[in-house]
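Architecture at a glance
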Amino acid sequence: MYQPLAELLRPTSLDEVYGQEHILGKGAVLRRLIESGNIPNMIFYGPSGTGKTTVANIIAQQTNRTLYKLNATTASTADIKDIVAQLDTFLAPNGVLLYLDEIQSFNKKQQQSLLEHIENGKITLIASTTENPYFYVFNAILSRSTVFEFRQISAEAALQAVHRAVRFLEERTALTAQPEEGALEYIAGSCGGDIRKAMNAVEVLFSAGQPEGGVLPLTLADAKAVTQKSALRADREGDNHYDLVSALQKSIRGSDPDAACHYLARLLEEGQMQSACRRLMVIACEDVGLAFPQIIPIVKSCVDAALMLGMPEARIPLADAAVLMATSPKSNSAYMAIGAAAEDIRSGKGRGFPRHLQNVHADTFTMEREQGYLYPHDYPNHWVPQQYLPDDLVGAHYYEYGSNKLEQAAKQYWDAIKNP
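Residues numbered from 1 in each chain as written. Predicted model: local features only at pLDDT ≥ 70, side-chain atom pairs only at ≥ 80, totals over all residues. Heavy atoms only, no water.

**As for the pattern of salt bridges**
Our working definition: Criterion for a salt bridge: a side-chain nitrogen of Lys or Arg within 4 Å of a carboxyl oxygen of Asp or Glu. Here a helix means four or more residues in a row that DSSP labels H or I, a strand means two or more in a row labelled E, and each is numbered from the N terminus. Summary of the burial criterion: residues with accessible area below 20% of their type's maximum are buried, those above 50% are exposed, and those between are partly exposed, where the area comes from a 1.4 Å probe applied to protein chains only.
Inspection of every chain in the model, using the stated rule, returns 10 salt bridges. A salt bridge links Asp 15 to Lys 26, with the nearest nitrogen and oxygen atoms 3.8 Å apart. One end of the pair, Asp 15, is in the loop between α1 (5-8) and α2 (21-24); the other, Lys 26, is in the loop between α2 and α3 (29-36), with 11 residues separating them in the sequence. Its relative accessible area of 56% is what places Asp 15 among the exposed residues. We classify Lys 26 as exposed; its relative accessible area is 68%. Between Glu 343 and Arg 346 there is a salt bridge; the shortest N-O distance is 3.2 Å. With Glu 343 and Arg 346 both in helix α19 (residues 333-346), this residue pair falls three residues apart, about one helical turn. The class for Glu 343 is partly exposed, based on a relative accessible area of 45%. One connected set of salt bridges, linked through shared partners, spans Asp 15, Lys 26, Arg 31 and Glu 35.

Next comes the structure, spelled out in structure tokens:
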């Protein structure tokens, strides 16, 4: 029966697991736990192909508990009941080790069905998820588990796995691989940190290759063909999506146009132009803001042009917007001001209105002035001192002028008028 190469080469010891030294290296916490044999309930969180299932298998090999595997995308509460029915029987005298893949696909009731048995230790749960467990796993399970994050595999670590796969296939096929310069490195760098994808690419290269005299050329062109877009993780609702838009905003906020172009390109290559447009508008208002307020209609024009053009041409006006904002002066003064004002409102402050600011339901200025309202346009420089904040917030201060040229000019103007 056919077995994928990734399954044939699945590591059987912790030393063979690539790229997770922060939790599995010598002396790391997870490694010490596994070696001690005292396995707690755990949640493995990280991208696909980073070793979560492999480590669960290794744990199972080092425990005397019966191992059960369920995938939450297809399993049901009945499957859990079948496992529970075997507790305290000769089939599972010491309890069971349950590996539950994609736990985020279980609803609250399904997850709760595990609680009693997790608490009494008869089921040791190892759950895995590609989504942030603090958002997708219910608190009752989360509070009884230890979360370990599996990081995306580096290109260097992936290259080790690629070389191992090539050596294995050379032995199995009795061929000598002759990789073109850069071919294996391309596979390792283009797999997006997913070892399984890298293994699959190597297997396809061997299967489709044309050996000559016992030598199998592995060309860079073929490597590019079998790894097309494999580095992209197009999870529109997952963590990687939010990491991308976050990285885009922080790069522009940090005034790095090169990083801004990089993350914008990744979003667009994943087909997420709408998310890119929305985030660029947010950045214009939040991070450039009053230092260059004209940036808002400029970015809006770039977004409108992109939506009208569609891909691939849309990348040009969006790049214009990203680079312009990355190289613009920055101010978050308005963003901070509205945040501070909202915090006071959430804490119960700011009840009512000054009487002279209320709507008088009339179109004449006479009634407004009877309320005590002073019409600023009747005064020099169109300003007159009067109370605007509610009584319990008189003296509250939310907006601080930014240090940029534009806001400092406004500050100087109003200081001269309000404090002659």
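**Some remarks on unusual backbone geometry**
Of note, the bond from Met 311 into Pro 312 is cis; its omega dihedral lies within 30 degrees of zero at 10 degrees. You can see Pro 312 is positioned in the loop between α17 (295-309) and α18 (315-326). Phi at Ala 174 takes a positive value of approximately 60 degrees, unusual for a residue other than glycine. Inspection of the secondary structure assignment puts Ala 174 in the loop between α10 (155-173) and β6 (176-179). Taking the relative accessible area as the measure of exposure, Ala 174 reaches 67% and is therefore exposed. The backbone of Asn 381 sits at a positive phi, close to 60 degrees, despite the residue not being glycine.

**Observations regarding the nonpolar core**
Side chains of a nonpolar character, in soluble globular proteins, are inclined to be buried together. To keep things clear, this is the line we draw: We call a set of buried Ala, Val, Leu, Ile, Met, Phe, Trp, Tyr and Cys residues a nonpolar core when their side-chain atoms join them within 4.5 Å. In what follows, residue pairs with any heavy atoms lying within 4.5 Å of each other are defined as contacts.
One finds Val 162, Val 166, Ile 187, Met 199, Val 202, Phe 206 and Leu 218 to be the most contacted residues of the largest nonpolar core, which totals 30 residues. Here the element with the most residues in this core is α10; it accounts for eight residues. Apart from residues lying up to four places away in sequence, Leu 218 is in contact with Ala 177, Gln 178, Pro 179, Glu 180, Ala 183, Leu 184, Leu 205 and Phe 206. Counting 27 residues, the second-largest nonpolar core is a separate cluster that includes Leu 264, Met 281, Ala 306 and Ala 314.

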